[in-house]
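# Summary of structural features
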Amino acid sequence: MNTEKTPITLEKIVSLCKRRGFVYQSAELYGGLNGVYDFGHVGTLLKQNIRKSWLASINAASDDILMMEGALLAPQEVWNASGHLANFNDPMVDCLNCKHRYRADELDLNKPCPHCGQKKWTDVRMFNMMFKTHLGASEDQASVAYLRPETAQAIFVNFKNIISTNRVKIPFGVTQIGKAFRNEINPKQFLFRMREFEQMELEWFCSEKTAQTDFEFWSQKRLGFYETIGIKKNNIRLRAHEKDELSHYSSATSDIEYQFPFGWKELEGIAYRTNFDLTQHGNFSKKDLSVFDDETKSSFVPHVVECSVGVDRLFLTALFDAYDEDVAEGEQRIVLRLSPILAPIKAALMPLTKKQVEPLEKIYRDLKRAGYMVQFDESGSIGKRYRRQDEIGTPVCFTYDFESETDRCVTARNRDTMQQERISIDKIEEYLAQLIK
Ligand code: ATP
């Protein structure tokens, strides 16, 4: 058997996701919708664990964190004020010969079309990436709304409501986890660039005086987060933007980048957005969005540090980082070495024969009642069951065997080391609690 490791490719990840039900192409039955994906059982669980650990890390870093959940639709006034109608564009170019469409900034237009080999380009046009729709029956200008391309604006638009209903003082943060929509010209690399995706954002409101320190504080905290969820240190880095990379609203931005097989790419953006957003919404809505500073006895419009990461992009990152191939019992195995915090299933319970189903089922029910996401796995050979659990990243499998009845112990088999130890049935819950701490 050839036991040499081959590089981890996107194809391997896509194939694992499909085989084990992490991710499905959306509307696959009808040919699929490009850049849109559905998540299966273990994929949904992994997403939930990603959201949970993100929120926990933000709350561990600060005591002044609020939550909100904004609507997906917002009227065009919001996007006018935010600058998205004018600026949220990608340059687009078409091949006149084969009609393939590209992002012009990802292509050398002096070279022929990578698809058909001809060199017949259209002019470069700017393409606004927001999805436009109309509310109600009339399709006039007044009814125009857009699906949000980022979650942040709902927080800015609600700033006054948040202040007046929560008795908070600057500095404080507001988190939001939710869907965002971008009509990407070229969705690609699976979950890396999607048209419908999910973001986890923190908007940290502060004074201009502390903004730079707060920006650095959050940059470090966010970098530290990836270590807590088990991402390998040498695959992740913080990179400050050059001046010419900065968005129209930002005066300092750093990206947390991950080393994907297709290069170092942005995983999370951390941006000092100045007081651009609240100033814009104040001006456009003609409402006062300033706060009063007790110290200086004057009003000011708060500044903002934003941390924004895609749930799906982090999902893909976690899979790349955890994917491994080795040999188990003389067979090639695929193993997802996910941190137990992220693992969709925390443990699998495996009876050796039909006789052991009943007593093990009791343990299984008790663990479920205690809130553990565990799986009862009784079909196929033990080896096959281990392989199945290894591929979805289950950190431990408990087998109940002939001796369990007398010694009141199960065999715990570790996903990574494949080592086995006998542990007391009474200690299973403690064992799991320790594992996911
Ligand atoms: P990129 O340069 O990769 O397009 P961006 O700078 O436009 O990203 P932001 O607007 O900063 O991205 O969005 C914050 C985060 O949201 C990104 O770091 C990424 O994790 C996620 N994200 C953005 N666009 C997409 C997308 N099309 N599909 C999946 N995740 C996305």
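Nothing here was measured: the structure is a model prediction, and the numbers come from that model. (Residues numbered from 1 in each chain as written. Predicted model: local features only at pLDDT ≥ 70, side-chain atom pairs only at ≥ 80, totals over all residues. Heavy atoms only, no water.)

## A word on the layout of surface pockets
Of the volumes computed, that of the largest pocket is approximately 1400 Å³. Along its surface, the largest pocket is lined by 46 residues, and Phe88, Arg182, Arg193, Ser247 and Glu266 are the ones closest to its centre. Secondary-structure elements contributing two or more residues to the lining of the largest pocket are α4 (84-87), β5 (89-94), β11 (196-206), β13 (252-260), β14 (263-272), β17 (303-310) and α9 (311-322). With 7 residues, the top contributor of residues to the lining of the largest pocket is β14. For the lining of the largest pocket, a count of residues per class yields 12 nonpolar, 14 polar and 20 charged. For the second largest pocket, the calculated volume is near 440 Å³. Lining the second largest pocket are 17 residues, with Ile170, Phe292, Asp293, Asp294 and Phe300 sitting closest to its centre. (1 Å grid on protein atoms, 1.4 Å probe; cavity = no way out; pocket = protein on both sides within 12 Å on 5 of 7 lines; lining within 4 Å. Points joined across faces, edges and corners; volume = space filled by probe spheres on them. Helix = DSSP H or I, 4+ residues; strand = E, 2+ residues; numbered from the N terminus. Nonpolar A, V, L, I, M, F, W, Y, C, P; charged D, E, K, R; others polar.)

## A look at helix α10 (residues 357-369)
Taking 1.5 Å per residue, 13 residues should reach 18 Å; α10 reaches 18 Å between its end C-alpha atoms and fits that length. Positive backbone phi, at 100°, marks Gly371, one or two positions downstream of α10. (Expected span 1.5 Å × (residues − 1).)

## Describing the packing of aromatic side chains
The tally for this structure, following the rule as stated, stands at 19 aromatic pairs. Their ring planes at 85° and their centres at 6.3 Å tell us that Phe22 and Phe315 sit as a pair that is edge-to-face. Placement of the pair is Phe22 in the loop between α1 (10-20) and β1 (23-25) and Phe315 in helix α9, with a sequence separation of 293 residues. For the residue pair Phe22 and Phe315, the accessibility class agrees, reading buried in each case. The rings of Phe192, Tyr258, Phe260, Phe262 and Phe320 are connected pair by pair, giving a single aromatic cluster. Lying across the ring of Trp264, Arg237 places its NZ or CZ 4.2 Å from the centre. The ring centre of Tyr386 lies 4.2 Å from the NZ or CZ of Arg413, which sits over that ring. (Phe/Tyr/Trp six-rings, centres within 6.5 Å; stacked < 30°, edge-to-face > 60°. Buried < 20%, exposed > 50% of the residue type's maximum accessible area, 1.4 Å probe, protein only. Lys NZ or Arg CZ within 6 Å of the ring centre and 35° of its normal.)

## Remarks on the packing of helix α2 (residues 41-61) against helix α7 (residues 208-228)
Where α2 meets α7, the closest approach of the two axes is 10 Å, and the angle between their N-to-C directions is 140°. Accordingly, the angle class assigned to the pair α2 and α7 is oblique. Between α2 and α7 the crossing geometry is right-handed. Together, Ser53, Trp54, Ser57, Ile58 and Ala61 of α2 and Phe217, Trp218, Lys221, Arg222 and Phe225 of α7 make up the contact between the two elements. Among the residues forming the contact of α2 with α7, the class breakdown is 6 nonpolar, 2 polar and 2 charged. (Axes fitted to C-alpha atoms, helices over the stretch in contact; angles between N-to-C directions. Parallel < 35°, antiparallel > 145°, perpendicular 65-115°, else oblique. Left-handed = near helix turned anticlockwise from the far one by under 90°. Contact = heavy atoms within 4.5 Å.)

## Description of the domain arrangement of the chain
By a widely used convention, the size of an interface equals the accessible area lost when the partners come together. With domains assigned, the chain is organised as domain 1 (10-73 + 156-319) and domain 2 (345-436). Just the C-alpha atoms count here: the centres of domain 1 and domain 2 sit 37 Å apart. Counting residues at the interface gives 8 residues for domain 1 and 6 residues for domain 2. Scanning the region where domain 1 abuts domain 2 turns up 2 salt bridges. Glu391 is the partner of Arg20 in a salt bridge, and the nearest nitrogen-oxygen pair spans 2.9 Å. Where domain 1 packs against domain 2, one counts 2 residue pairs in polar contact (both at pLDDT 80 or more). Among the secondary structure elements, those contributing two or more residues to the side of domain 1 that touches domain 2 are α1 and α2. Per element, the largest residue contribution to the side of domain 1 that touches domain 2 is 4 residues, and it comes from α2. Across the side of domain 1 that touches domain 2, the residue classes break down as 4 nonpolar, 2 polar and 2 charged. (Domains from an automatic or database assignment. Salt bridge = Lys/Arg side-chain N within 4 Å of Asp/Glu carboxyl O. Polar contact = N/O pair within 3.5 Å; in protein donor to acceptor, adjacent residues only side chain to side chain.)

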